[in-house]
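Read off the chains here:
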Amino acid sequence: RREGTALRILVDVRLASGSPEDLEKAQREAERGLDLVAGCNKKGSQASALASVAEVHIASKRYKEALTALNEARLDHLACDDVRPAARMSKRMAAIHEGIGNPREAVRCILERRAMFKASGWKHDEAKALVDCAEVQARSLQTKEASKALQDAISLFRETGDKCGEGAAMLVLAPVQAVGSGSRS
C-alpha cells in the first residue's frame, strides 16, 4: 500500500514537470501502481490508482481513456461510500467533457455530483455543485437552465446561512439573466 502511495506521489511530481520523458515515466509508474492494487480487495486504493492513471491520460490528451479511468474510480469510491472522492471524479469528468466541447455531458456529470451531495444531506456542497452547473450552462448559452440552477443554489445557500455563497451565486446570476433577457434559451 505504501508503495502505491509513493508511486501516486511520484506520478504527480512527474506530471508537474511537464517534460515528455517524465510523462512516459509517469505513465509506467501509474500503471505499476494500478497493478499493485489490482490484487488487493480495497476499492479505495484501486480508485486512487485509477485517478493517477486518468491524470496521465489527461496530460497525454487521451481524454476518452481518462474519462473511462475516472468513471471506474468514481464507481470504486461509491462502492466504499466515499462520496467526496466520488464527487471529485465527477467534477473532473465534467471539466474534461466541457474542455472537449461536450457541455451536455459536463452538466450530466455535475448533476450526478449534486445528486451525491443531496443524498448525503450536504446542502452547501449541493449548492456549490449547482453553481458549477449553472456556469457550464451559461457558457453554452443555456441561460434559462443556468438561471434555475442558480436560483436553487441561492435557496440552498440561504438555508445553510452562507451569505458569501449566496452573494457569489447572485453575482453569477445577474449577467446570466441579462444575457437571457436578450436572447432565447
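None of these values were measured; they are calculated from a predicted model. (Residues numbered from 1 in each chain as written. Predicted model: local features only at pLDDT ≥ 70, side-chain atom pairs only at ≥ 80, totals over all residues. Heavy atoms only, no water.)

Okay, the overall build of the protein next. On a plain count of helices and strands, the protein comes out with nine helices and zero strands. Seen in sequence order, the protein has helices and strands lined up from the N terminus as α-α-α-α-α-α-α-α-α. C-alpha extents for the protein along the principal axes are approximately 55 × 35 × 25 Å. Across the 185 residues in the protein, those meeting the buried criterion constitute 41%. Long-range contacts, defined as pairs at least 24 residues apart, comprise 50% of the intrachain contacts of the protein with a sequence gap of at least 6. Here the protein has roughly 10,200 Å² of accessible surface; of this, 53% comes from carbon and sulfur atoms. (Helix = DSSP H or I, 4+ residues; strand = E, 2+ residues; numbered from the N terminus. Buried < 20%, exposed > 50% of the residue type's maximum accessible area, 1.4 Å probe, protein only. Contact = heavy atoms within 4.5 Å. Areas by Shrake-Rupley, 256 points an atom, 1.4 Å probe, with all protein chains shown as cover.)

By size, the foremost hydrophobic cluster in this structure holds 31 residues, and its most contacted members are L70, I96 and I110. Those elements that provide at least two residues to this core are α2 (20-38), α3 (43-59), α4 (63-79), α5 (83-99), α6 (103-120) and α7 (123-139). For I96, the contacting residues outside a window of four places in its chain are I58, Y63, A66, L67 and L70. Grouped together as the second largest cluster of nonpolar side chains are 14 residues, A127, A149, A153 and L173 included. (Core = buried A, V, L, I, M, F, W, Y, C linked by side-chain atoms within 4.5 Å.)

Per-residue pLDDT for the protein has a mean of 89; in total, 92% of the residues score no lower than 70. The element-level mean pLDDT for the protein is lowest in helix α1 (residues 2-17), coming to 75, with α6 highest at 98. (pLDDT = per-residue confidence, 0-100.)

Here the focus is the environment of H77. Following the sequence through the fold, H77 ends up in helix α4. Exposure remark for H77: the relative accessible area of 7% places this residue in the buried category. In this structure, the C-alpha to C-alpha distance between H77 and S48, residues 29 residues apart in sequence, is 8.8 Å.

Let us look at the side chain of H57. Mapped onto the elements, H57 comes out in helix α3. Among residues more than four places away in sequence, those in contact with H57 are R62, E65 and A66.

Look at α4 against α5: their axes get within 8 Å of each other, and the N-to-C directions meet at 160°. In this view, α4 runs roughly antiparallel relative to α5, as classed from their interaxial angle. Handedness of the α4/α5 crossing: left-handed. Across the interface between the two elements, Y63, A66, L67, L70, N71, A73, R74, H77 and L78 of α4 pack against P85, A86, M89, S90, R92, M93, I96 and H97 of α5. Partitioning the contact of α4 with α5 into residue classes produces eleven nonpolar, four polar and two charged. (Axes fitted to C-alpha atoms, helices over the stretch in contact; angles between N-to-C directions. Parallel < 35°, antiparallel > 145°, perpendicular 65-115°, else oblique. Left-handed = near helix turned anticlockwise from the far one by under 90°. Nonpolar A, V, L, I, M, F, W, Y, C, P; charged D, E, K, R; others polar.)

Looking now at the packing of α6 against α7. Any two packed helices are characterised by how steeply their axes cross, that is the angle between the axes, and by the distance between the axes. Where α6 contacts α7, the axes come no closer than 8 Å and their chain directions differ by 170°. As summarised for this structure, α6 and α7 are arranged roughly antiparallel, according to the angle between their axes. Taken together, the residues of α7 that come into contact with α6 (itself represented by P103, A106, V107, I110, L111, R113, R114, F117 and K118) are D125, E126, A129, L130, D132, C133, V136 and Q137. Classifying every residue of the contact of α6 with α7 by side-chain character gives ten nonpolar, one polar and six charged.

Right, let's talk about the pattern of salt bridges for a bit. Scanning the entire structure with this criterion turns up 13 salt bridges. Residues R108 and E112 are paired through a salt bridge, measuring 3.5 Å at the closest nitrogen-oxygen approach. Placement of both R108 and E112 in helix α6 is noted, with a separation of four residues, approximately one turn of the helix. The salt bridge involving K148 is made with D152; its shortest N-O contact spans 2.8 Å. (Salt bridge = Lys/Arg side-chain N within 4 Å of Asp/Glu carboxyl O.)

Taken as a whole and assessed by the stated rule, the structure comprises zero disulfides. In this model C109 remains outside any disulfide bridge; the closest cysteine sulfur is found in C133, 11 Å from its own. Given a relative accessible area of 0%, C109 falls into the buried group. (Disulfide = S-S within 2.5 Å.)

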